Amino acid sequence: MFAKTHDEVRRIYDSVDTVKRLSDRIIGIGPINIIGLDGILAWFPGVAPVYSVLAGGFILLQGLRARCDPVTLVAAFIVLAMDSGISVFDGIIPVIPAGSILDTFFQGHLYAAHMIQKDIDKTLYIAGSASQAHRDGSHQDNVGEMRAMKGKKRLVYLG
């Protein structure tokens, strides 16, 4: 389940980016993102909650696979729950367009994906296991390498 190579971590990052773009970045004006698939589907009762929950679940699962910090996962979950909650509420009371309007412009998948990607960016992934690194003494070297790299705040062993 967890990523075991740097290539897998990169693919996780890219897959989260793809969902982010599809959900909240299909239509834009210059650098400003206006609407995505999540916002378009908000106008179709019953479809929006399913898409929102599935896309959000995928983002969270990818964050878990990349071993993101639990605080990041909880924050992303809260944002995604709000996004999906808007979709579910709108599906229950479809005659009130306020939910559809809010769901169209609330970019929960975008925010959550940014959190996951930022966490991946600030993590130094090391091939091998933590127990092996402690046994052979390379853990302190890895910590020193992490501290020397700009923007890296966490150390995760992929083994």
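Above this text sits the structure in question.
Below is a short write-up of the structure.

The rules we used
- Residues numbered from 1 in each chain as written.
- Predicted model: local features only at pLDDT ≥ 70, side-chain atom pairs only at ≥ 80, totals over all residues.
- Heavy atoms only, no water.
- Phe/Tyr/Trp six-rings, centres within 6.5 Å; stacked < 30°, edge-to-face > 60°.
- Lys NZ or Arg CZ within 6 Å of the ring centre and 35° of its normal.
- Salt bridge = Lys/Arg side-chain N within 4 Å of Asp/Glu carboxyl O.
- Helix = DSSP H or I, 4+ residues; strand = E, 2+ residues; numbered from the N terminus.
- Buried < 20%, exposed > 50% of the residue type's maximum accessible area, 1.4 Å probe, protein only.
- Pairing = 2+ DSSP bridges.

With that out of the way, let us pick up the packing of aromatic side chains. The full count for this structure, using the stated rule, is zero aromatic pairs. In this arrangement the basic side chain of arginine 10 is found over the ring face of tyrosine 13, its NZ or CZ atom lying 4.8 Å from the centre.

Next up on the list: the pattern of salt bridges. Within this structure, the stated rule accounts for five salt bridges. With a closest N to O distance of 2.9 Å, arginine 154 and aspartate 119 form a salt bridge. Taken together, the residues arginine 154 in strand E4 (residues 154-157) and aspartate 119 in helix H6 (residues 108-121) connect sequence positions 35 residues apart. The exposure class of aspartate 119 is buried, given its relative accessible area of 1%.

With that settled, the discussion passes to the pairing of strand E3 (residues 123-126). Residue alternation in E3 divides its side chains into two sets, Thr123 and Tyr125 and Leu124 and Ile126, and both sets are buried. As paired strands, E3 and E4 are joined by four bridges and run parallel to one another. Across the sheet, tyrosine 125 pairs through a bridge with valine 156, a residue of E4.

Next up on the list: unusual backbone geometry. Phi is positive for arginine 67, close to 60°, though the residue is something other than glycine. Among the secondary structure elements, arginine 67 is positioned in the loop between helix H3 (47-65) and helix H4 (70-92). Judged by relative accessible area, which is 18%, arginine 67 ranks as buried.

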